[in-house]
Amino acid sequence: MSTGMTVKAQGSEPIPTIVTFVGPPTRAIAYRVAQAHALILKVTSDLSDEELKRRPAPVPPELAPSIEWHLWHIARWADLLQASMRGMTAELGRRLGAGGQIWESENLATRWGLSTGALGYRQAGTGLDDNTSASLPLPHKDILLDYARKAFAATDQAVAGVDDEQFQVRCT
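Residues numbered from 1 in each chain as written. Predicted model: local features only at pLDDT ≥ 70, side-chain atom pairs only at ≥ 80, totals over all residues. Heavy atoms only, no water.

A. Representation of the overall build of the protein chain. Summing up its helical and strand segments, the protein chain has 9 helices and 4 strands in all. Shown N-terminal to C-terminal, the secondary structure of the protein chain runs as helices and strands in the order β-β-β-β-α-α-α-α-α-α-α-α-α. In the protein chain, which comprises 172 residues, the share counted as buried stands at 36%. Accessible area for the protein chain stands at about 9,600 Å²; split by element, carbon and sulfur atoms hold 57% of it. (Helix = DSSP H or I, 4+ residues; strand = E, 2+ residues; numbered from the N terminus. Buried < 20%, exposed > 50% of the residue type's maximum accessible area, 1.4 Å probe, protein only. Areas by Shrake-Rupley, 256 points an atom, 1.4 Å probe, with all protein chains shown as cover.)

B. Here's a closer look at the pattern of salt bridges. Overall, the coordinates contain 10 salt bridges when judged by the stated rule. In this structure, Arg54 and Glu50 form a salt bridge, with 3.9 Å as the shortest nitrogen-oxygen distance. Residue Arg54 is classed as partly exposed on the basis of its relative accessible area, which comes to 44%. With a shortest N-O distance of 2.9 Å, Glu91 and Arg95 are connected by a salt bridge. Here the residue Glu91 and the residue Arg95 both occupy positions in helix H4 (residues 90–96), the gap between them amounting to 4 residues, near one helical turn. The class for Glu91 is partly exposed, based on a relative accessible area of 24%. When salt bridges with common partners are traced through the structure, they connect Glu91, Arg94, Arg95 and Asp163 into a single cluster. (Salt bridge = Lys/Arg side-chain N within 4 Å of Asp/Glu carboxyl O.)

Shown next as structure tokens:
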């Protein structure tokens, strides 16, 4: 694989944006997933607590969730993906080993003081109305980033465990 153009957030290391892949498409998918996670972590890590609480547009809080909400939402779906991949095929279960959601194993909803019934579909924020998502009391930046790092690392490992043969197997 070779890199081309890069993007660079203010004061950060460059991140390649154009990559030419030679090899199986599963390697390209795994690379892009890991690259997206790295970029999300880099951008959000560089934000202050105040910046992380900002909305994507100058609108009232009830009209758009914060950047921190989006970080949590992306991390939740990454965590759900990595946990579910273990059961997709017997071989993936063998390769990836036992495991589950970090969210559940670390009892994060309870530790963060969140009501699981108010977190949307699969406790991941999907389907929440604007008011609920905008007012979700998420933890301090460092705690949220710790969860995102763990969820992204587990997902990157799970996705990298899929080769072309497993990619073609019908999921159970």
